[in-house]
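Given next are the chains, with one letter for each unit.
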Amino acid sequence: MEEKKFEPRILAFLCNWCSYAGADLAGVSRLQYPSNIRVIRVTCSGTVSPHHILHAFQKRADGVLVAGCHIGDCHYIKGNYMTLKRLKFVEGLLDFAGYDPKRLRLEWISAAEGIKFAGVVREFTETIRHLGPAPPFDAIPLLAGNM
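K.L.:
When you look at the side chain of Glu107 in this model, what are you seeing that I'm missing?
P.N.:
In this structure, Glu107 sits in strand S4 (residues 104-108). Beyond its immediate sequence surroundings of up to four residues, Glu107 is in contact with Leu65, Val66, Ala67, Gly68, Lys116 and Val120.

Rendered as structure tokens:
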């Protein structure tokens, strides 16, 4: 009997102005990257709240990628500074609760960086594949509350 290879489920929150355009460039350039990623296009990475990230894990995502404009290039001026601050908070929360913070990744990807986008997706997918399936949220008492 053939053993099935674990295929991670990765949710990506991509900023409309830069990262989503970078993903689009990767696609139109026919760059190869794993199809494990599901994209949610957001106005700004700064609109991604800790609740969105924790909810993704609660719904059985194995990894979450948040990507936005490079620091200093945000169309909303300080959105990516808020993103950086929020993701550091969520990483600490995940670590405190015993959930591997490597399952959450933050990247700055511009509209012209299709190659970088494809590389980040390949690398993150391999990281999550190495970590294995995410534990159920109810196995982490601190995070199992109603969301």
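K.L.:
What's the story with the sheet that holds strand S1 (residues 10-15) in this structure? I'm lost.
P.N.:
Sheet strands line up and pair through hydrogen bonds in the backbone, either parallel or antiparallel. Spatially, four strands are ordered S2-S1-S3-S4 in an open sheet, and the strand pairing comes out parallel. At either margin of the open sheet sits one strand with a lone partner, and together these are strand S2 (37-42) and S4. Within the sheet, the average angular offset between the axes of one strand and its neighbour, ignoring direction, is 20 degrees. Examined bridge by bridge, strand S3 (residues 63-68) and S4 share five bridges and lie parallel to one another. The partner of Val66 across the bridge, within S4, is Leu106. Along the sheet, helix H2 (residues 50-58) contacts S1, S3 and S4; its crossing angle with S3, the most-contacted strand, is approximately 150 degrees.

K.L.:
What should I look at first to understand empty space enclosed by the protein in this one?
P.N.:
Where empty space is left can be seen by rolling a probe of water-molecule size over the atoms. Evaluated as defined, the whole model comprises one cavity of 30 Å³ or more. Reported here for the largest cavity is a volume of approximately 40 Å³. The wall of the largest cavity is formed by Cys15, Trp17, Cys44, Ser45, Gly68, Cys69, Cys74, His75, Tyr76 and Asn80. Its residues assigned to classes, the lining of the largest cavity shows six nonpolar, four polar and no charged.

Conventions used here
- Residues numbered from 1 in each chain as written.
- Predicted model: local features only at pLDDT ≥ 70, side-chain atom pairs only at ≥ 80, totals over all residues.
- Heavy atoms only, no water.
- Helix = DSSP H or I, 4+ residues; strand = E, 2+ residues; numbered from the N terminus.
- Contact = heavy atoms within 4.5 Å.
- Pairing = 2+ DSSP bridges.
- Axes fitted to C-alpha atoms, helices over the stretch in contact; angles between N-to-C directions.
- 1 Å grid on protein atoms, 1.4 Å probe; cavity = no way out; pocket = protein on both sides within 12 Å on 5 of 7 lines; lining within 4 Å.
- Points joined across faces, edges and corners; volume = space filled by probe spheres on them.
- Nonpolar A, V, L, I, M, F, W, Y, C, P; charged D, E, K, R; others polar.

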